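Tertiary structure, described
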Amino acid sequence: MGTIICQSCDATIEHFEVEKVTTLYSNCPNCKKQRKTGQKQS
Ligand SMILES: [Zn+2]
């Protein structure tokens, strides 16, 4: 089983079926949103 983990908040984003155990890192929708608008953060 494969798992996609958010590299920003370590939340599990998604599980997917693969032959071997795999961990991928991405950003969850929440962190993606924060990144796009994060520059305005004060
Ligand atoms: Zn996240």
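What counts, and where the lines are drawn
- Residues numbered from 1 in each chain as written.
- Predicted model: local features only at pLDDT ≥ 70, side-chain atom pairs only at ≥ 80, totals over all residues.
- Helix = DSSP H or I, 4+ residues; strand = E, 2+ residues; numbered from the N terminus.
- Buried ≥ 20, exposed ≤ 12 C-beta atoms within 10 Å, placed from the backbone.
- Contact = placed C-beta atoms within 7 Å.
- Pairing = 2+ DSSP bridges.

1. As for the overall build of the chain
- What the chain contains, in helices and strands, is 1 helix and 3 strands.
- Each helix (α) and strand (β) of the chain, taken in turn from the N terminus, gives the series β-β-β-α.
- Within the chain, the fraction of its 42 residues that count as buried is 0%.
- Across the chain, every contact between residues at least 6 apart in sequence was considered, and the portion connecting residues at least 24 apart equals 3%.

2. Thoughts on the pairing of strand S2 (residues 12-16)
- Among the 5 residues that make up S2, 0 are buried, leaving the element largely open to the surroundings.
- Pairing analysis gives 4 bridges linking strand S1 (residues 2-6) to S2, with the strands arranged antiparallel. In the sheet register, Gly-2 faces S2, and the bridge partner there is Phe-16.
- Count of turn residues in the S1/S2 antiparallel hairpin: 5 residues, of which Asp-10 carries a positive phi of about 65 degrees.

3. Points about unusual backbone geometry
- In this model, Asp-10 sits at a positive phi of 65 degrees, which is unusual for a non-glycine residue.
- By C-beta crowding, Asp-10 is classed as exposed, having 9 other C-beta atoms within 10 Å.

4. Examining the environment of Thr-22
- Of note, Thr-22 is situated in strand S3 (residues 22-26).
- Spatially, the C-alpha atoms of Thr-22 and Thr-3 are 6.2 Å apart, while their sequence positions differ by 19 residues.

Geometry only, nothing functional implied.
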